[in-house]
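# Working through the structure, step by step
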Amino acid sequence: MIEIIGLSNQRKEDALRLCDEALSDIELSRIPLGQIALKTSRLARLIGDEDSRQIFSYESSGYPKNPGGFQSDIWDLLRRANRLYTNKKNEEVVEYGYGESIEVIEGQVASATAHLSASADAPASISSANPNQYVSAPMGNRREREMARKQISDFNARLSSRRSLIHEYLAEVQTLLKYSEILDTAFEGLRANADKLVSKHLPKSVKRFSSIFEGLASDNQENWANAVHSCRRIFQDLADCVFPPQEDRITTRNDKQIKIKLGKENYINRIIAFIEDKNESASFDAVVGSHLRFLGERLDAVYGAANKGSHTDIADRMEAERYAAYTYMLAGDILLLFDG
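How each quantity is defined
- Residues numbered from 1 in each chain as written.
- Predicted model: local features only at pLDDT ≥ 70, side-chain atom pairs only at ≥ 80, totals over all residues.
- Heavy atoms only, no water.
- Helix = DSSP H or I, 4+ residues; strand = E, 2+ residues; numbered from the N terminus.
- Buried < 20%, exposed > 50% of the residue type's maximum accessible area, 1.4 Å probe, protein only.
- Contact = heavy atoms within 4.5 Å.
- Areas by Shrake-Rupley, 256 points an atom, 1.4 Å probe, with all protein chains shown as cover.
- Phe/Tyr/Trp six-rings, centres within 6.5 Å; stacked < 30°, edge-to-face > 60°.
- Pairing = 2+ DSSP bridges.
- Expected span 1.5 Å × (residues − 1).
- Polar contact = N/O pair within 3.5 Å; in protein donor to acceptor, adjacent residues only side chain to side chain.
- Axes fitted to C-alpha atoms, helices over the stretch in contact; angles between N-to-C directions.
- Parallel < 35°, antiparallel > 145°, perpendicular 65-115°, else oblique.
- Left-handed = near helix turned anticlockwise from the far one by under 90°.
- Nonpolar A, V, L, I, M, F, W, Y, C, P; charged D, E, K, R; others polar.
- Salt bridge = Lys/Arg side-chain N within 4 Å of Asp/Glu carboxyl O.
- pLDDT = per-residue confidence, 0-100.

### Some remarks on the overall build of the protein chain
- Counting its secondary structure elements, the protein chain contains eleven helices and four strands.
- Residues classed as buried in the protein chain amount to 39% of the 340 residues present.
- Of all intrachain contacts in the protein chain linking residues separated by at least 6 positions in sequence, the fraction that spans at least 24 positions is 63%.
- Counting only carbon and sulfur atoms, one obtains 49% of the accessible surface of the protein chain, whose full area is about 20000 Å².

### What to know about the packing of aromatic side chains
- Counted by the stated rule, this structure contains six aromatic pairs.
- An angle of 45 degrees between the planes, with centres 6.3 Å apart, marks the rings of phenylalanine 70 and tryptophan 75 as tilted.
- We classify phenylalanine 70 as buried; its relative accessible area is 17%.
- Relative accessible area serves as the criterion here: at 21%, tryptophan 75 is assigned to the partly exposed category.

### Remarks on the pairing of strand S4 (residues 256-260)
- Pairing between strand S3 (residues 249-253) and S4: five bridges, direction antiparallel. For threonine 251, the partnering residue across the bridge sits in S4 and is isoleucine 258.

### Section: helix H8 (residues 221-242)
- Its 22 residues give H8 an end-to-end C-alpha distance of 32 Å, which sits within 8% of 32 Å, the value for a rise of 1.5 Å per residue.
- Its side-chain oxygen at 2.8 Å from the backbone nitrogen of glutamate 222, asparagine 220 defines the N-terminal cap of H8.

### Things to note about the environment of leucine 177
- Relative to the assigned elements, leucine 177 resides in helix H6 (residues 142-201).
- For the pair leucine 177 and glutamate 13, spaced 164 residues apart in sequence, the C-alpha separation works out to 8.5 Å.

### Things to note about the packing of helix H7 (residues 206-217) against helix H11 (residues 317-339)
- Relative orientation of the contacting elements H7 and H11 amounts to 160 degrees, with a least axis distance of 10 Å. What the angle tells us is that H7 and H11 run roughly antiparallel. The handedness of the crossing between H7 and H11 comes out as left-handed. On H11, the residues touching Phe209, Ile212, Phe213, Leu216 and Ala217 of H7 are Arg317, Ala320, Glu321, Ala324 and Tyr328.

### Side note on the packing of helix H3 (residues 50-61) against helix H4 (residues 72-80)
- The contact between H3 and H4 brings their axes to 10 Å, and the two run at 85 degrees. Taken together, H3 and H4 sit at an angle that is classed as roughly perpendicular. When H3 is examined against H4, the residues Asp51, Ser52, Gln54, Ile55 and Tyr58 are found in contact with a partner set consisting of Ile74, Leu77 and Arg80.
- For the contact of H3 with H4, the class distribution of residues is four nonpolar, two polar and two charged.

### Looking at the pattern of salt bridges
- Per the stated rule, a full pass over the model turns up 15 salt bridges.
- Between arginine 79 and glutamate 95 there is a salt bridge, and its shortest N-O distance comes to 3.2 Å. Pair noted here: arginine 79 is in helix H4 and glutamate 95 is in strand S2 (residues 92-97), with a separation of 16 residues, a long-range link.
- Looking at glutamate 95, the relative accessible area reads 35%, which means it is partly exposed.
- One salt-bridge network, held together by shared partners, links Glu21, Asp25, Arg30 and Lys39.

### Points about the confidence of the model for the protein chain
- This prediction gives the protein chain a mean pLDDT of 82; 84% of its residues lie at or above 70.
- This stretch, residues 308-312, has a pLDDT under 50; its non-local contacts, to residues over four places away or in other chains, come to seven contacts.

### Considering the side chain of arginine 270
- By secondary structure assignment, the location of arginine 270 is in helix H9 (residues 267-278).
- Take arginine 270: its relative accessible area is 1%, and that puts it in the buried class.
- Among residues more than four places away in sequence, those in contact with arginine 270 are Ala239, Asp240, Phe243, Pro244, Pro245, Leu262, Gly263 and Lys264.

### Some remarks on the pairing of strand S1 (residues 84-89)
- When S1 meets S2, the two strands line up antiparallel, connected through six bridges. Across the sheet, the residue bridging to threonine 86 is glutamate 95, located in S2.
- Where S1 folds back onto S2 in an antiparallel hairpin, the turn is made up of two residues, including asparagine 90, whose phi is positive at roughly 55 degrees.

Right under this line is the structure:
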């Protein structure tokens with residue numbers, strides 16, 4: 001599955017422009033398919049899809065092959081590119097692969113087509129002076145023509161498969177890039193709202209948002225963890241603003257009395273208490289409270305791992321980006337409620 005992660009807006013724009021251009025090339029047959037494969041390889045490089053970049057580069061130039069056959073890594077790429085087929089050999093089904101470039105396959109189609117045309121039988125007049133003799137026409141080049149037709153069919157099937165491979169990849173990348181563009185636009189709106197409210201109510205946390213983006217833009221896994229730590233500190237600042245530490249609260253839930261800790265370190269509890277006091281919608285309390293509890297537990301877990309000397313308790317950049325997005329959305333909603 002293709003992933004569009006950690007790309008700058010400029011890189012996404014360049015990739016989408018190239019993707020649209022390559023799709024038009026293939027759908028309108030504007031340039032040879034081999035050249036489109038090179039464009040697709042460049043697109044894969046732009047979005048950081050190294051395996052696909054290598055595949056489409058080989059689609060244009062041909063897959064490398066040793067005298068003994070394809071190496072295992074090349075064989076894996078052939079499988080991904082749907083270039084494997086099976087034939088029977090000594091009553092055993094054997095898997096084969098073909099590594100010819102698209103240009104070579106196009107040449108094979110042209111050669112077989114020319115062979116078919118050249119194998120046409122010359123006009124011949126056949127007769128016999130014996131009226132009782134049955135005379136049949138010679139077989140001519142029928143077998144050659146049948147072989148040429150089969151070759152044309154096989155080579156065209158390979159070309160169609162290459163065209164389909166490239167088109168499906170381009171279409172999938174285009175969809176992902178456009179979806180990412182929509183999300184970026186929506187997130188920018190959330191970010192602008194959060195930035196405005198944070199600047200007003202949490203001026204000390206403005207720099208934390210900047211550090212989050214710097215950390216997420218890095219390729220260093222430790223920086224992703226640091227970005228998550230900044231998310232935790234933002235929630236601590238938020239809790240101190242909307243609901244400063246105070247005495248624990250006794251509340252009744254399901255006919256049972258429960259003590260809610262509202263001390264300095266209980267920042268998630270304090271934010272939830274603020275929401276419950278401020279908002280009259282039970283569904284809002286439930287949804288936002290549920291997200292806050294989940295996010296708070298995860299942020300505390302990452303923070304705890306860091307204190308134990310493990311700064312890389314983040315699986316990947318996508319996980320860190322998810323926490324950052326939740327931080328923006330929740331902080332914006334809570335401060336909007338506080339501002340009202």
